[in-house]
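Examining the three-dimensional arrangement
What follows is the residue order along each chain.
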Amino acid sequence: MIKSFVIKDDNVEQYATTIANWIADRVKSANRKGVVLGMSGGIDSSVVACLCHLAKVDTYLVMLPYGSDMNNSQSYQHALELINKFDFAYHIYDIQPAADALQVTNQDFLAKADATNVSFSLANIRPRVRMTYLYQLAQLGSRFVIGTGNMAEGTVGYFTKWGDGAVDLNPLAKLTKQEVYTLAKFLGVPDAIINKKPSAGLWEGQTDEDELGMSYAQIDSFILSGTSGDADIDEKIKQRFALSAHKFAAVPIFTE
């Protein structure tokens, strides 16, 4: 998992330009008119939005709250601060009616499932509904859906299969969380976004690191040096990576 490059303060301008050019080239070569980005108000989506702005790619942001969750977490205000600073086009779509309508209500199925599976099955509906909405919007405008998943999340499989993992291009996939923060500071992402705890917004009060049981700094260290500095955390990371292998593999097909 050792990376071939590391973005630091002394080379961040070079990498910001390189990544922005990569985004522009991908959009142009596919004859797309721009990109659609799900804006959570978090660090990753904010950095991708700013990279698209630097690339001079036509970028449309969509806030996709589940009811009032973005207001409760201040993500709505944070997203608007970024939107207003860079003058992004955007709109808001509440996914709650669609997500709630897709919940399994058959008590026979629910009774046989353990509480953890019930909880995560409900939480994962949300990113899958967001993905569906973003793809329709992208197709209507001949755009790409641009992703925001970073290397730390990928290393521990921290994304929803066919949800936020379903994108057309992803500029952050080989970047550690610290590299995302380094880019954020250079690109002018508002401090309120940089300083808050990362959260996937799966439920009220949820934070990434609490759910994972490890810090992003530990995952980054594992990526860069092969160890988090804690043998137990190393084992957790390896286990999560192994359990998430199906998220990265091609769909198995039968052949003779």
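Let me begin by describing the structure that accompanies this report.

Parameters and conventions
Residues numbered from 1 in each chain as written. Predicted model: local features only at pLDDT ≥ 70, side-chain atom pairs only at ≥ 80, totals over all residues. Heavy atoms only, no water. Helix = DSSP H or I, 4+ residues; strand = E, 2+ residues; numbered from the N terminus. Expected span 1.5 Å × (residues − 1). Contact = heavy atoms within 4.5 Å. Polar contact = N/O pair within 3.5 Å; in protein donor to acceptor, adjacent residues only side chain to side chain. Buried < 20%, exposed > 50% of the residue type's maximum accessible area, 1.4 Å probe, protein only. Phe/Tyr/Trp six-rings, centres within 6.5 Å; stacked < 30°, edge-to-face > 60°. Lys NZ or Arg CZ within 6 Å of the ring centre and 35° of its normal. Core = buried A, V, L, I, M, F, W, Y, C linked by side-chain atoms within 4.5 Å. Pairing = 2+ DSSP bridges. Axes fitted to C-alpha atoms, helices over the stretch in contact; angles between N-to-C directions.

Our focus in this paragraph is helix 7 (residues 115-140). In this model helix 7 runs 39 Å from its N-terminal to its C-terminal C-alpha over 26 residues, within 8% of the 38 Å that 1.5 Å per residue would give. Looking at the buried positions of helix 7, the neighbouring elements they touch are strand 1 (34-38), strand 2 (59-63), helix 3 (69-72), strand 3 (89-92), helix 5 (96-101) and strand 4 (143-145). For helix 7, the side-chain oxygen to backbone nitrogen distance between the N-cap and Thr116 is 3.2 Å, and the N-cap itself is Asp114. Backbone geometry just downstream of helix 7 places Ser142 in the positive-phi region, at approximately 55 degrees.

So, about the side chain of Lys3. Mapped onto the elements of the fold, Lys3 is located in the segment before helix 1 (12-29). With relative accessibility at 13%, the residue Lys3 sits in the buried group. A distance of 3.1 Å separates the side chain of Lys3 from the backbone oxygen of Phe5, its partner in a polar contact. At a separation of 3.1 Å, a polar atom in the side chain of Lys3 contacts the side chain of Glu179.

Turning our attention to the packing of aromatic side chains. Summed over the entire model, instances satisfying the criterion amount to five aromatic pairs. On the basis of an interplanar angle of 75 degrees and a centroid distance of 5.4 Å, the ring pair of Phe159 and Phe248 is categorised as edge-to-face. Taken together, the residues Phe159 in the loop between helix 8 (151-155) and helix 9 (177-187) and Phe248 in helix 14 (residues 245-248) connect sequence positions 89 residues apart. Three or more aromatic residues joined by ring pairs form one cluster here, namely Phe159, Phe241 and Phe248. When the ring centre of Phe5 is taken as origin, the NZ or CZ atom of Lys3, which lies over that ring, is 3.7 Å away. The ring of Phe159 is capped by Lys247, whose NZ or CZ atom sits 4.9 Å from the centre of that ring.

Structurally, Thr176 can be placed in the loop between helix 8 and helix 9. Residue Thr176 is classed as buried on the basis of its relative accessible area of 2%. If we skip the residues at most four places from it in the chain, Thr176 touches Lys3, Met151, Asp220, Ile223 and Leu224.

For the rest of this paragraph, the subject is the nonpolar core. Ranked by internal contacts, the top residues of the largest apolar core, which has 42 residues, are Ile23, Val47 and Leu183. Put simply, the parts of the chain that give this core at least two residues each are helix 1, strand 1, helix 2 (43-54), strand 2, helix 4 (75-86), helix 9 and helix 10 (191-195). Beyond its immediate chain neighbours, meaning those up to four positions away, Ile23 contacts Leu51, Cys52, Ala55, Val57, Ile146, Leu169 and Pro171.

If you walk across this open sheet you meet the four strands as 3-2-1-4, and the pairing is parallel. Two strands close off the open sheet at either side, each with one partner strand: strand 3 and strand 4. For this sheet, the mean angle separating the axes of adjacent strands, direction not counted, is 25 degrees. Sheet topology places strand 1 next to strand 2; four bridges connect them, and they run parallel. Bridge assignment links Val36 to a residue of strand 2, and that residue is Tyr60. Lying on the sheet, helix 4 is in contact with strand 2 and strand 3; it crosses strand 2 at an angle near 165 degrees.

Helix length check: helix 2 (twelve residues) gives 16 Å between terminal C-alpha atoms against 16 Å at 1.5 Å per residue, within 8%. The buried fraction of helix 2 amounts to ten of the twelve residues, a majority that puts the element mostly inside the structure. Of the positions making up helix 2, those classed as buried are Ile43, Asp44, Ser45, Ser46, Val47, Val48, Ala49, Cys50, Leu51 and Cys52. Immediately beyond the C-terminal end of helix 2, within one or two residues, lies Lys56, with a positive phi of roughly 60 degrees.

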